[in-house]
Amino acid sequence: MTANERQQARDGRRSYFVRTYGCQMNEHDSERIAGLLEADELVAAPTMADADVIVLNTCCIRENADNKLYGQLGHLKRLKDERPEVQIAVAGCLAQKDQDLVRRRAPHVDVVFGTHNVARAAELLSDARAGGPVTEILPESGEFPSALPVRRDAQHAAWVTIQIGCDNTCAFCIVPSVRGSEVSRPFVELVDEVRGLADDGVSEVTLLGQNVNSYGRDITVSLRSAPEPQRSGDRDDAHWRAGGSWAAGRRTARPLFGDLLRAVGGVAGIERVRFTSPHPKDLRADVISAMAATREACEHLHLPLQSGSDAVLSAMHRGYTAHKYLDRLRSARAAVADLAVSTDVIVGFPGETEQDFAATLEVVAEARFDSAFTFVFSPRPGTEAAELTECFVPPPVAAERMKRLRAVVERSARLGNESRIGRIEEVLVEGRSKRDPDMLSGRTRQNRLVHFTAPAPLRAGTYALVRVRRAAAFHLGGDLVEVTRPARHRTRIPVAPR
Ligand code: SF4
């Protein structure tokens, strides 16, 4: 009897497995897909081979995402031949963009659905069971994935989508075509969701969006329906009700990202607020001052640079120069003490010269990043940059530049981490260390990864003080000093629509 048969025999329910490719937005969508399937009485399968329903939630940001998907679908063809009752669904950005191609290359797929119909995942699977393969790609939707049922792996931390889509036109990026234009989620609904999460024991939230700091430009809020800041335990932060961009005496207001940050930080039980990703061109004074004024806003800023060359930034349509980027970074560091900064950099954008790359290295060195996601440019069909074939940078040149870039990032990351040796850091425990199961791992407010020893295991979600004794480029090592707040969440958040 297979593991799957054992499971079904145990509870008679079908099982599912969701594999996620790509970014945190996709991870978050996958949590919702899993939540919807559980609300439909399915149970999580331990592995893909054990599942009755397999959902591949795809990403199309990088070129090899397609290869990975079609490779995986090739393996699944064999599984489907052996067990025709297994249902395979392809969701996410690649499904949104390449629905016909997915159908042509993998006719054994039962359901193809896009980024705008996550909410219909369970229904589409059930339609396909009754009537055969289904493809449904909506051009847009009013539904935010955060408003759907959820199945979260971590019970103490949660992602909260605050906007979907993007109004920018970065030459290398496919997101605007697959996620649509920017739509902000209603302010009151967001604060309510965070309160619900806090009631469930979540203490860290990450606000998610393609361009979080342009949040709110497309919405107005009736002040009569604004959330009451005085709920027991919530901090009375008059700013987001009557001050700042919420002009006093008005019936409506336009809450911006800084207001949201303050409001979410003010929710009782929330200890840490993170957000990703802000756009450098929109990192204005109000966002920086909200970060500085909100104790719960972590001292960590992920600010994608992409390139340090003004010519390349202009070709990418990023809307800032290297000077402006560094200027905004200086303002953020001046306002927020002990701020750690991470970034994204693309190497080998079409037309990038050695001089352009040297400018990137200079900016990266000056910015003293604590970490960076570095990528070699990969052309995405449908983007402006993919058409610039005549000035593609040869792969060996890009690979050699990447090595130099990584060395510069690693130097500043190591220095940043070494400066923590001897300090006592607040760590939010994530669980046993993957490097050494006798140790625990967690993250500081600055998002530094810490592996540490403790006399006894601590539950994920515990806050602890850790003395830092060692530093490497991308992690710290230390020992537990004391637990400051035990984990508060229940073992499992029940699946229920909010
Ligand atoms: S800001 Fe640029 S890179 Fe980010 S999602 Fe929008 S278009 Fe893509």
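Residues numbered from 1 in each chain as written. Predicted model: local features only at pLDDT ≥ 70, side-chain atom pairs only at ≥ 80, totals over all residues.

**Topic: the environment of T383**
Relative to the helices and strands, T383 resides in the loop between β16 (371-376) and α15 (395-418). Remark: the alpha-carbon pair of T383 and T169, spanning 214 residues in sequence, is separated by 9.3 Å. Look past the residues within four positions of T383 in its chain and what remains in contact with it is A171, F172, C173 and I174. (Helix = DSSP H or I, 4+ residues; strand = E, 2+ residues; numbered from the N terminus. Contact = placed C-beta atoms within 7 Å.)

**So, the sheet that holds strand β15 (residues 340-347)**
Strand order in this open sheet of three strands is β14-β15-β16, and the pairing throughout is parallel. For this open sheet the edge positions go to β14 (300-302) and β16, each flanked by a neighbour on one side alone. The average angle at which neighbouring strand axes cross in this sheet is 10°, direction not considered. For β14 and β15, the ladder comprises three bridges, and the chain directions are parallel. When the sheet's bridge partners are listed, H300 is paired in β15 with A340. Sheet contacts for α15: β15 and β16; angle to β16, the most-contacted strand, approximately 175°. (Pairing = 2+ DSSP bridges. Axes fitted to C-alpha atoms, helices over the stretch in contact; angles between N-to-C directions.)

**Some words on the sheet that holds strand β21 (residues 476-485)**
As summarised here, the arrangement of the five strands in space is β17-β18-β19-β21-β20, forming a closed barrel in which the pairing is mixed. Across this sheet, the average inter-strand angle for adjacent strands is 50°, counted without regard to direction. With four bridges connecting them, strand β19 (residues 449-453) and β21 associate as parallel partners. Its bridge partner lying in β21, V450 is registered against L476.

**Things to note about the site of the ligand**
Around the ligand sit C166, N168, C170, C173, V175, P176, Q210, N211 and H279, and those are all the residues in its vicinity. For the shell around the ligand, a count of residues per class yields five nonpolar, four polar and no charged. (Near = placed C-beta within 6 Å. Nonpolar A, V, L, I, M, F, W, Y, C, P; charged D, E, K, R; others polar.)

**Side note on the confidence of the model for the protein chain**
With 86% of its residues at a pLDDT of at least 70, the protein chain reaches an overall mean of 86. Scored below 50 in pLDDT, residues 236-244 makes 20 contacts in the model with residues more than four places away or belonging to other chains. Segment residues 492-498: pLDDT under 50, and 15 contacts once partners within four positions in sequence are set aside and those in other chains are kept. (pLDDT = per-residue confidence, 0-100.)

**Considering the nonpolar core**
With 115 residues, the main nonpolar core has A121, V194, V205 and V264 as its most contacted residues. For this core, the element with the highest residue contribution is helix α8 (residues 187-199), accounting for six residues. If we ignore the near neighbours within four places in the chain, the residues touching A121 are I33, L36, L37, A91 and F113. Residues V450, A460, Y463 and A464 belong to the second largest nonpolar core, which totals 14 residues. (Core = buried A, V, L, I, M, F, W, Y, C linked by C-beta atoms within 7 Å. Buried ≥ 20, exposed ≤ 12 C-beta atoms within 10 Å, placed from the backbone.)

**Quick word on the pairing of strand β13 (residues 272-276)**
Side chains on a regular strand alternate between the two faces of the sheet. Burial analysis of β13 places five of its five residues in the buried class, the great majority of the element. On β13, burial covers both faces: R272, R274 and T276 on one face and V273 and F275 on the other are all buried. Relative to β13, strand β10 (residues 204-208) runs parallel, the two being bridged by five bridges. By the bridge assignment for β13, E204 is matched with R272.

**Side note on α15**
Taking 1.5 Å of rise per residue, 24 residues should cover 34 Å, and α15 covers 34 Å from first to last C-alpha, within 8% of that figure. Of all the positions in α15, only A398, R401, L405, V408, V409, S412, A413 and N417 are classed as buried. On its buried face, α15 sits against β15, α14 (354-367), β16, β20 (463-471) and β21. (Expected span 1.5 Å × (residues − 1).)

**Description of the packing of helix α11 (residues 285-293) against helix α13 (residues 322-335)**
Packing of α11 against α13 leaves a shortest axis separation of 9 Å and a crossing angle of 25°. Between α11 and α13, the angle falls in the class roughly parallel. Here α11 and α13 pass one another in a crossing that is right-handed. Contacts between α11 and α13 pair I288, S289 and A292 from the former with S331, A332 and A335 from the latter. In terms of residue class, the contact of α11 with α13 is made up of four nonpolar, two polar and no charged. (Parallel < 35°, antiparallel > 145°, perpendicular 65-115°, else oblique. Left-handed = near helix turned anticlockwise from the far one by under 90°.)

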